[in-house]
Amino acid sequence: MMETRIDDALMLDYAAGSLAEPVALAVATHLSLHDEARAAYGAVEAIGGAILSDLEEVSLSNGALGAVLDRLDGEAGEPSLRRCELDSATRSIIPAPLQAYIGKSLDSLEWKRRGAGVEEARLAMSGADSYKVALLRIEPGRAMPQHSHCGAEYTVVLQGAYRDGDTEVKSGDFCVADADDTHQPVADPKEGCLCLIVLDEPVRLTGAWGWVINPFLKH
Amino acid sequence: MTILETTRIRPRSVTGTMPQQSAQRQLSATETDLRQLMSAIAIDRDKQAFARLFSHFAPKLKAYGMRAGADPQTAEEIAQEAMVAVWRKAASFNPEKASVSTWLFTIVRNKRIDMLRRESRPDLKEEDFLHLDQPAETQDETYEARETGSVLHSKIAALPPDQAEVVRKAFYEDKSHRAIAEELGLPLGTVKSRIRLALSRLKTHLADDE
């Protein structure tokens, strides 16, 4: 059976803030949907707090506090809930960390066919050139697309499920695959599957001639 | 009644191992003290309380910035920006969910990502969870989060040095496991397994212990 939730080392990296934004997005999306993982995460973030409170001190310059106090009057309190721009159908499926990357609605994304019963919509993320971040929509019973890649592939199921060997991967679950994984996952025969995928693509496979260099890649 | 008059020392106080305790600070800042300061800031917009919180945390926030690679001036800006964010967001601090230092850690971490990497951090939002019923295991962890004063600190202090080292580097230095492995001259798998071993020691009882 494969792991369907995040492992501790990756969770620590997310808590520490050292993950690249695309991978952090996959982790945050998973934690938003998976209650157990979310509960475990609070304890890991608390380690950050304990380490911070034990940290050494470096003196600030003399005017530092004064400069901050001067700014406080201009700072109103922040509302704790933000207005969401998404339509309600999208909001019921897409958790908060992912919403910012969706725009108006799932339907407003540019969906492209990627084989029988598979559609893909790439999500824009500035500065994440060596990553591919996309939503995948797979019809019931169809095979998930194969990605030939040399980096890691992170998958978070948003809706529906898929089966990978003897493991069922369902809403909120998180899977990491590397280049050696030759899997042939299949979307649930009744519900199909909507998921977030993040591919870590090494620089040497991409570039201005991306499509030409890699005719064998089925991106 | 002022914050100072209502503050008292709890028996289980956080002493830590800070080498440069300020001589001017007369009270050791326990979690209770910090929570009272947060209340005063959130509810009364009390600047004196804010100044006390600043004097307690800002030097650590600056140290955090420098450990992550910022020069002293940038690190000081990170500390200042984080404290301004504390003022702005004080009303959203929830003592049921985390200690003051954990909450502050999340703020300074996000500022550090913003200012040093110029990226945004996909973050969990509280409103995502308002509708969830908290299972019993989660409540135990929240208890641990509140009691983070001595239990978690002593567990961290008790970590074997090789595990403590990788956990600290992972939290402070904005380095991937690969970078830590290269720096320490270790195989990547060793770094990952030390982190996992450390975390299994530090986590409180969870339903899904593996």
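What counts and how
Along every chain, residues carry numbers that run from 1 in the direction the sequence is written. Chains carry letters and ligands carry numbers; both start at the beginning, A for chains and 1 for ligands, and go up in the order they are written. Thresholds applied to this predicted model are a pLDDT of at least 70 for local features of residues and 80 or more for the giving and counting of side-chain atom pairs; totals over whole chains, interfaces and linings are not thresholded and use all residues. No hydrogens and no water enter the side-chain calculation; it runs on all heavy atoms of the structure. Each helix is a run of DSSP H or I of at least 4 residues and each strand a run of E of at least 2, with the numbering of both proceeding from the N terminus. Residue burial is assigned from relative accessible area. The probe radius is 1.4 Å, only protein chains are included, and a residue is buried under 20% of its type maximum, exposed over 50%, and partly exposed in between. In what follows, a contact means two residues having at least one pair of non-hydrogen atoms within 4.5 Å. For the area figures, the Shrake-Rupley method with a 1.4 Å probe applies, and any residue is considered shielded solely by the protein chains shown. Classification of ring pairs uses Phe, Tyr and Trp, with its six-membered ring standing for Trp, and accepts pairs whose centres are within 6.5 Å; under 30 degrees between planes counts as stacked, over 60 as edge-to-face, and the remaining range as tilted. A 1.4 Å probe defines the accessible area here, and the buried area is the portion of it lost by two parts on being joined, summed over both. Here, a salt bridge means any Lys or Arg side-chain nitrogen found within 4 Å of an Asp or Glu carboxyl oxygen. Under this definition, polar contacts are N or O atom pairs within 3.5 Å; protein pairs additionally need one hydrogen-donor-capable and one acceptor-capable atom, and for neighbouring residues in sequence, both atoms have to be side-chain atoms. Gly is put with the polar residues, along with every residue not named as nonpolar or charged; the nonpolar set is Ala, Val, Leu, Ile, Met, Phe, Trp, Tyr, Cys and Pro, and the charged set is Asp, Glu, Lys and Arg. Every residue carries a pLDDT, the predictor's confidence in it, which falls somewhere between 0 and 100. Strands are labelled as partners when DSSP assigns at least two bridges between them. For the charge count, each Lys or Arg is scored as positive and each Asp or Glu as negative, with His and the chain ends excluded. Expected span of a helix, by definition, is 1.5 Å for each gap between consecutive residues, and there is one gap fewer than residues.

Concerning the overall build of chain B
1) Next: Within chain B, the secondary structure is distributed over ten helices and zero strands.
2) Next: Each helix and strand of chain B, placed in order from N terminus to C terminus, yields the pattern α-α-α-α-α-α-α-α-α-α.
3) Next: Counting only residues that meet the buried cut, chain B has 48% of its 210 residues in that class.
4) Next: Across chain B, contacts joining residues at least 24 apart in sequence account for 63% of those joining residues at least 6 apart.
5) Next: Just so you have it, chain B exposes about 10200 Å², and 50% of that area is on carbon and sulfur atoms.

Thoughts on the packing of aromatic side chains
All names here are of chain B.
1) Next: Applying the stated criterion across every chain, the model contains seven aromatic pairs over all chains.
2) Next: Aromatic pair Tyr 64 and Phe 105: ring centres 6.2 Å apart, planes at 85°, arrangement edge-to-face. Pair noted here: Tyr 64 is in helix α3 (residues 47-67) and Phe 105 is in helix α5 (residues 100-117), with a separation of 41 residues, a long-range link. Of the two residues, Tyr 64 and Phe 105, neither departs from the other in class, the shared state being buried.
3) Next: Ring geometry for Phe 93 and Trp 103: centres 5.3 Å apart, planes at 55°, overall tilted.

What about the interface of chain B and chain A?
1) Next: The partner chain A presents 64 residues to the 71 residues of chain B that form the contact.
2) Next: Together, the buried faces of chain B and chain A total about 6400 Å²; carbon and sulfur atoms form 60% of this surface.
3) Next: Broken down residue by residue, the surface that chain B buries against chain A is led by Pro122(B), Leu124(B) and Phe171(B), which jointly contribute 11%.
4) Next: Our count for the contact surface shared by chain B and chain A stands at six salt bridges.
5) Next: Two residues, Arg109(B) and Glu45(A), come together in a salt bridge whose shortest N-O distance is 3.0 Å.
6) Next: Here chain B and chain A share 24 residue pairs in polar contact (both at pLDDT 80 or more) between them.
7) Next: Of all the elements in the fold, those that place two or more residues in the side of chain B that touches chain A are α3, α4 (72-89), α5, α6 (136-146), α7 (151-157), α8 (161-172) and α10 (188-202) of chain B.
8) Next: The biggest single contributor to the side of chain B that touches chain A is α3(B), with 14 residues.
9) Next: Of the residues assigned to the side of chain B that touches chain A, the class counts are 30 nonpolar, 13 polar and 28 charged.

Let's talk about the pattern of salt bridges
1) Next: The tally for this structure, following the rule as stated, stands at 25 salt bridges over all chains.
2) Next: A salt bridge links Glu56(A) to Arg67(B); the nearest nitrogen and oxygen atoms lie 3.0 Å apart. Here Arg67(B) lies in helix α3 and Glu56(A) lies in the loop between α3 (35-53) and α4 (64-72), a pairing that spans two chains.
3) Next: Measuring nitrogen to oxygen at the nearest pair gives 2.5 Å for the salt bridge that ties Glu183(B) to Lys169(B). Highlighted residues: Glu183(B) in helix α9 (residues 177-184) and Lys169(B) in helix α8, separated in sequence by 14 residues.
4) Next: By relative accessible area, which is 39% here, Glu183(B) ends up partly exposed.

Some remarks on the confidence of the model for chain A
1) Next: Averaged over every residue, the pLDDT of chain A is 85; residues scoring 70 or more account for 85%.
2) Next: The low-confidence segment residues 203-216 of chain A (pLDDT under 50) makes eight contacts with residues lying over four places distant or belonging to another chain.

Focus: the pairing of strand β8 (residues 193-200) of chain A
Residue and element names in this part refer to chain A.
1) Next: Most of β8 sits out of view: seven of its eight residues are buried.
2) Next: Bridge count for strand β3 (residues 131-138) against β8 is eight bridges, and the pairing is antiparallel. Within β8, the position partnered with Leu 136 by the bridge is Cys 195.
3) Next: With seven bridges joining them, strand β4 (residues 153-164) and β8 adopt antiparallel strand pairing. From the neighbouring strand, Gly 160 faces β8, where its bridge partner is Cys 193.

A closer look at the side chain of Glu21(A)
1) Next: Looking at where Glu21(A) falls in the secondary structure, it is placed in helix α2 (residues 21-33).
2) Next: The side chain of Glu21(A) is buried and forms no salt bridge, while Arg117(B), the nearest opposite charge, is found at 7.1 Å.
3) Next: Excluding anything up to four places from it in sequence, Glu21(A) contacts Tyr101(A), Met125(A), Glu119(B), Ser120(B) and Pro122(B).

Description of α2(A)
1) Next: A rise of 1.5 Å per residue sets the reference length of α2(A), with its 13 residues, at 18 Å; its end C-alpha atoms lie 18 Å apart and thus fit the reference within 8%.
2) Next: Of the residues making up α2(A), those classed as buried are Glu21(A), Pro22(A), Val23(A), Ala24(A), Leu25(A), Ala26(A), Val27(A), Ala28(A), Thr29(A), His30(A), Leu31(A) and Ser32(A).

With respect to the environment of Ser105(A)
Residue and element names in this part refer to chain A.
1) Next: Along the chain, Ser 105 turns up in the loop between α6 (96-99) and β1 (112-113).
2) Next: Sequence separation of Ser 105 and Thr 90 is 15 residues, and the distance between their C-alpha atoms is 5.7 Å.
3) Next: For Ser 105, the contacting residues outside a window of four places in its chain are Leu 86, Asp 87 and Thr 90.

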